[in-house]
There are 4 protein chains.
Amino acid sequence: MLKSKNNAAFLISCPDRKGIIAATSTFFFERGFNIIHCQQYTDPREGRFFMRVLVDLDSAPTARVQLLEEFSTVASGFGMQWSAHFCSDVTRVAVLCTREPHCLFDLLCRAHSKELSSAEIALVISNRPDLEATANQFRVPFFCCSIDGSQRRNQERKVVRLLKQHHIQLAVLARYMQILSSDMLDEAGIPIINIHHAFLPAFQGAAPYRRAWERGVKMIGATAHYVTPVLDEGPIIEQDVERVTHEDSIDALSRTGSDIERRVLARAVQAHLEHRVIIHANRTIVFSPGL
Amino acid sequence: MLKSKNNAAFLISCPDRKGIIAATSTFFFERGFNIIHCQQYTDPREGRFFMRVLVDLDSAPTARVQLLEEFSTVASGFGMQWSAHFCSDVTRVAVLCTREPHCLFDLLCRAHSKELSSAEIALVISNRPDLEATANQFRVPFFCCSIDGSQRRNQERKVVRLLKQHHIQLAVLARYMQILSSDMLDEAGIPIINIHHAFLPAFQGAAPYRRAWERGVKMIGATAHYVTPVLDEGPIIEQDVERVTHEDSIDALSRTGSDIERRVLARAVQAHLEHRVIIHANRTIVFSPGL
Amino acid sequence: MLKSKNNAAFLISCPDRKGIIAATSTFFFERGFNIIHCQQYTDPREGRFFMRVLVDLDSAPTARVQLLEEFSTVASGFGMQWSAHFCSDVTRVAVLCTREPHCLFDLLCRAHSKELSSAEIALVISNRPDLEATANQFRVPFFCCSIDGSQRRNQERKVVRLLKQHHIQLAVLARYMQILSSDMLDEAGIPIINIHHAFLPAFQGAAPYRRAWERGVKMIGATAHYVTPVLDEGPIIEQDVERVTHEDSIDALSRTGSDIERRVLARAVQAHLEHRVIIHANRTIVFSPGL
Amino acid sequence: MLKSKNNAAFLISCPDRKGIIAATSTFFFERGFNIIHCQQYTDPREGRFFMRVLVDLDSAPTARVQLLEEFSTVASGFGMQWSAHFCSDVTRVAVLCTREPHCLFDLLCRAHSKELSSAEIALVISNRPDLEATANQFRVPFFCCSIDGSQRRNQERKVVRLLKQHHIQLAVLARYMQILSSDMLDEAGIPIINIHHAFLPAFQGAAPYRRAWERGVKMIGATAHYVTPVLDEGPIIEQDVERVTHEDSIDALSRTGSDIERRVLARAVQAHLEHRVIIHANRTIVFSPGL
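As a starting point, this report considers the structure included with it. (Residues numbered from 1 in each chain as written. Chains lettered and ligands numbered in written order. Predicted model: local features only at pLDDT ≥ 70, side-chain atom pairs only at ≥ 80, totals over all residues. Heavy atoms only, no water.)

### A look at the overall build of chain A
On a plain count of helices and strands, chain A comes out with eight helices and 13 strands. Over its C-alpha trace chain A gives a radius of gyration of 21 Å, about what one expects of a compact globule, namely 19 Å for 291 residues. Its C-alpha atoms put chain A at 60 × 40 × 35 Å along the principal axes. Evaluated residue by residue, chain A yields a buried proportion of 63% over its 291 residues. Contacts in chain A between residues at least 24 apart in sequence constitute 69% of all its contacts with a sequence separation of at least 6. A total accessible area of about 10800 Å² is found for chain A, and carbon and sulfur atoms account for 51% of it. Mean positive and mean negative side-chain charge positions of chain A (33 and 32 charges, respectively) differ by 1 Å. (Helix = DSSP H or I, 4+ residues; strand = E, 2+ residues; numbered from the N terminus. Rg over C-alpha atoms; globule rule 2.2 N^0.38 Å. Buried < 20%, exposed > 50% of the residue type's maximum accessible area, 1.4 Å probe, protein only. Contact = heavy atoms within 4.5 Å. Areas by Shrake-Rupley, 256 points an atom, 1.4 Å probe, with all protein chains shown as cover. Lys, Arg positive; Asp, Glu negative; His and termini not counted. Charge placed at Lys NZ, Arg CZ, Asp CG, Glu CD.)

As structure tokens, this is what we get:
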């Protein structure tokens, strides 16, 4: 619905120097492309330049392959790391979960209502059987890869196999209560977004709502981040909070929190699917959605 | 899940004078009841006193009927308007909708996950057939009362008949794009909560997102309110907003707004179901949830 | 403090067409200028393009006059409306107030702490004597132009004369409880920013906190906007809100509101002083501050 | 301005059991006192009961001393820890600061505008001379207790001596960049409120804005808490946050943060001055302001 349009998003990063915008915009102008949205950012500490250019592919006749080839010439002149994403391509997504239904429900509803840009939730994987009915309700295949009785590494290999078999391009941990091993991350080889039920870096690790209650915080939050080998330390994509009071029990924090979790996770997944995120030095540059 | 506990919520309103808290709390104390939560408010303009008392029914042996009878004696001494609600009773809810699925989906998911206190979504009514599959997905009966080919009053009568037949105690307008006539409100005779997709009283009436864009506001919001005969002027239960920028198109406002709508509506419905709302002079007193 | 740097901000608006970014960025690149920040926006309804380019003047030898002359050639090729602002130039600001001290205090403190980019609060004007001591405390000249005993137009002429004499470039209405006539706006001929103590377009006009209380809203807000001849209908620069409850009296709303007012006004003034605002069709494009 | 009214606030805490509200409200009723506001909270983990009762002293003839004496009888029956605060009494406040002016300015402006309930900022103490002019501007005595050339304990003793000499009842650390020793806290013997420029428990300790930038958080916050011997671990009174983006430099975070700091600190100080805070087990119960 959102970006079924025939656009391409170029994500670019290179050492800052004069002339990058001029060269890039001239490149597209000379080929007749209309630039729909263009945003830049320069990291002040490292002097590194980042840019997202959204180009209307219908505005010029150049073929995909040729466009990429020709752009790579400009790119190499500036030492760019870059990628191009075609917005009409559907991204295949897997959702991993355990027992809490709220984030899974939310993503399934959004996908069903075509709120998620050109994405298809292709399968749901869980280490427990509880949410099978939820997946079925939306006619999404459900796979239970339980850990009991198998080694953790065996289970991880099963999960990776499923991701590969279904050509998954993005995995979303929607309250998946397992820590992914470094090996698994390597094997999966795709971006993985996790929702942590706290305002990171506060309350990393287990039982954040209980610890938030004990610390007596006056707001609670949630954090969506890319998964890296270090638990809860990956690049943050999105965060949000809500006010709570001394009256809120741990259960109440958890209920309020579940609403924050679902919207933070949805926004992060949406930003990723719209090709608006560049990761650099464990931080994210999240470009604005534009129109 | 939340309040399946055997509690009773007393909602009280009367002219302010000395001794109301003393008399009420002594009443419950003398009968051996434990007061779980007690909150008061005095309207400074009218000198009117409001109170919600949440009582643990398991803490004393008095029967429901007797408790109510005895309380009515205290109440009449202070000229109280009051009602008592038994939290273990299930509230039967109807959701009315048209074409937008997000609020309906959200309520169905919450009911399914037992997030809504002792409530059952007993039926979905729409003036269009579009969302039948959504209701079916959650095994909730769906009724299409279309307006084409029938008079508006006929359609309203059909809706009211359904509400009566299913013993509905609360109707929720989840983006139901029809204005309810004063007659229908009378006939229905139950509280009706509507979600308006703007921060009332800004942008009352039609097309609020378009008008918000044209006015160039920097935040958009949503408002849940009880329905009264005057369009968008009923007592407000809950509101929330989110920041937007000049970059957001009308479509983008509508997408951002749909997230605000669902959480504002859910919170308002929850407050009503927990018997935390008193209406007075077109304003609401919304007591805090307590634990 | 913030932008005493030797930068120039170009604010540009023109009909959208291919090649604008390319031409503009190439213009600066060819002259050796470093582009520090560059942001664009295209109005989807009118196909109008807007851009802010922040250029480091120290990065190239071209003189101010020459730069402007040469840029006007590019600009006329695209039919641009444009202006260039030199960030090292100090903007002379007048604050107009009546009796409420909080916004005046806030602006004076910020100016004193060098939080406002290259701005000097050159004078305070009031229609009442109450806040003279406040202005004196910060050694800013205070002028009382009272309305009693003089015609309103006479008073307005006096105010305009003061603005002219002190070479004021921006007037800020910090709870100035007078409506400016269309004639006065013409005569003043400078941008004027007002803070309205409500979330516009809700509660336009007088006594917004009282009306907010009566309507029973659950959040209150404030709006900073450019003043136009139509009361409270000028282009909005910034808004913010805070949650309130039924417990908050009109006085409490006003106290909570005064905190919102000061920060909303400060942000709007700051955006204007950093040359980040373009007005078009009664809406503002507010570019992000960058670094 | 706010609470110059002749009210008394009773802050009560005791083991939960039936009859506490009844006994307390009956106590005041029998003596003819009007209860203006009454709020309770029961800690679910410890079964401990907390209450704040705001009583209109003008509504009954009992003298202060007698009231306290008589209440102590009720209180001992329930094993209450309690204190009574007379709202017409002025609280003497000292502000401690170092070099950052924004929080000091904010508190001085609020005190000057009578926004702080019955409080007087009686002196400003700093370990550096920078903010002397700021204090002078508001005619508040300024004392520089520098640390260079003296032992830290000597300096602390000097500060404590000033607090004692000026009969200070509340000290506010308004970006006072010194850690108070456990000995000093004992010697001072009064509540001390600190503003930490991060959303605790995230970024405890030094340089929170730099660390927030490095971690790439998408919101920054501030926390006001009572000071205890363990750095940044005292009971939290108030927190707030604002959204930031990858574009915000460390300086920009610090500027945005300074606005959060001042409002969070002001709200916490206000809550304390209105006798709305009870500390228990390193958490605060913050009762609502009522009217």
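Moving on from the coordinates now.
### Some words on the sheet that holds strand 7 (residues 142–144) of chain C
Residues and elements named next belong to chain C. If you trace the seven strands from one edge of the open sheet to the other, you get 7-6-5-8-9-10-11, paired in mixed fashion. Both outer strands of the open sheet, strand 7 and strand 11 (236–243), are each paired with one neighbouring strand and no more. The mean inter-strand angle of the sheet, taken between neighbouring strand axes irrespective of direction, is 20 degrees. Sheet topology note: the strand 8 (residues 170–173)/strand 9 (residues 192–196) ladder contains three bridges and is parallel. Each bridged residue has a counterpart across the sheet, and for Leu-173 the counterpart in strand 9 is Asn-194. The sheet strands contacting helix 3 (residues 102–112) are strand 5 (91–97), strand 6 (119–126), strand 8 and strand 9, and the helix crosses strand 6 at an angle near 155 degrees. (Pairing = 2+ DSSP bridges. Axes fitted to C-alpha atoms, helices over the stretch in contact; angles between N-to-C directions.)

### A short note on the interface of chain D and chain A
With 39 residues of chain D in contact, the opposing surface of chain A contributes 39 residues. Surface buried jointly by chain D and chain A totals about 3400 Å² across both partners, of which 55% is contributed by carbon and sulfur atoms. The interface formed by chain D and chain A holds six salt bridges in total. Where Arg-45 of chain D meets Glu-214 of chain A, a salt bridge forms, and the shortest distance between an N and an O atom there is 3.1 Å. (Buried area = accessible area lost by both parts, 1.4 Å probe. Salt bridge = Lys/Arg side-chain N within 4 Å of Asp/Glu carboxyl O.)

### A word on the pattern of salt bridges
All told, the structure shown has 96 salt bridges over all chains when counted by the stated rule. Across the pair Arg-128 of chain A and Asp-130 of chain A runs a salt bridge, and its minimum N-O distance is 3.0 Å. Of the charged contacts in the structure, one is a salt bridge between Arg-243 of chain D and Glu-238 of chain A, with a shortest N-O distance of 3.2 Å. Highlighted residues: Arg-243 of chain D in strand 11 (residues 236–243) and Glu-238 of chain A in strand 11 (residues 236–243), drawn from two different chains.

### Some points on the relation of the copies chain D and chain A
Aligned on chain A, chain D shows an RMSD of 0.0 Å; the corresponding rotation is 180 degrees and the shift along the axis is 0.0 Å. In the structure described here, the two chain copies are related by an operation that fits a two-fold rotation axis. Identified as the residue of chain D closest to the rotation axis by C-alpha distance is Ala-202 of chain D, at 2.2 Å. (Least-squares fit on C-alpha atoms with pLDDT ≥ 70 in both.)

### Thoughts on the relation of the copies chain C and chain B
Its rotation angle being 180 degrees, the transformation that places chain C on chain B also includes 0.0 Å of axial translation and leaves an RMSD of 0.0 Å. Of the interface residues in chain C, 100% have counterparts in chain B that sit at the interface too, so the contact is made through matching surfaces.

### Description of the pairing of strand 5 (residues 91–97) of chain B
Residue and element names in this part refer to chain B. Burial analysis of strand 5 places six of its seven residues in the buried class, the great majority of the element. Pairing analysis gives seven bridges linking strand 5 to strand 6 (residues 119–126), with the strands arranged parallel. Bridged to Val-93 within strand 6 is Ile-121. Two strands pair when backbone bridges link them, and strand 5 and strand 8 (residues 170–173) are joined in this way by four bridges, in the parallel orientation. When the sheet's bridge partners are listed, Val-95 is paired in strand 8 with Val-172.

### Observations regarding the pairing of strand 9 (residues 192–196) of chain A
All names here are of chain A. Most of strand 9 sits inside the fold, with five of its five residues counted as buried. Judged by which residues are buried, strand 9 turns out to be covered on both faces: Ile-192, Asn-194 and His-196 on one side and Ile-193 and Ile-195 on the other are all buried. Handedness of the crossover joining strand 8 (residues 170–173) and strand 9 through helix 6 (residues 182–188): right-handed. Here strand 9 runs beside strand 10 (residues 219–226); their pairing, made up of four bridges, is antiparallel. What sits directly across from Ile-193, in strand 10, is Tyr-226. (Right-handed = clockwise from strand over helix to strand, strands pointing away.)

### Describing the interface of chain C and chain B
In this complex, chain C contributes 39 residues to the contact, which on the side of chain B involves 39 residues. Interface of chain C and chain B: buried area, both sides summed, is about 3400 Å²; carbon and sulfur atoms make up 55% of it. Among the residues chain C hides against chain B, the three largest losses belong to Arg-215, His-246 and Arg-283 of chain C. Together they make up 23% of the total. Our count for the contact surface shared by chain C and chain B stands at six salt bridges. Linking chain C with chain B are 20 residue pairs in polar contact (both at pLDDT 80 or more). Those elements giving two or more residues to the side of chain C that touches chain B turn out to be strand 2 (34–43), helix 7 (208–215), strand 11, helix 8 (250–273) and strand 13 (283–286) of chain C. At seven residues, strand 11 of chain C tops the list of elements feeding residues into the side of chain C that touches chain B. (Polar contact = N/O pair within 3.5 Å; in protein donor to acceptor, adjacent residues only side chain to side chain.)

### Topic: unusual backbone geometry
All names here are of chain A. Cis geometry is adopted by the peptide bond preceding Pro-201, which originates at Leu-200 and carries an omega value of 5 degrees. Of note, Pro-201 is situated in the loop between strand 9 and helix 7 (208–215). The phi dihedral of Lys-114 is positive, around 60 degrees, even though this residue is not glycine. Relative to the helices and strands, Lys-114 resides in the loop between helix 3 (102–112) and strand 6 (119–126). The residue Ala-281 is not glycine, and still its phi comes out positive at about 55 degrees. According to the relative accessible area criterion, Ala-281 is exposed, its value standing at 51%.

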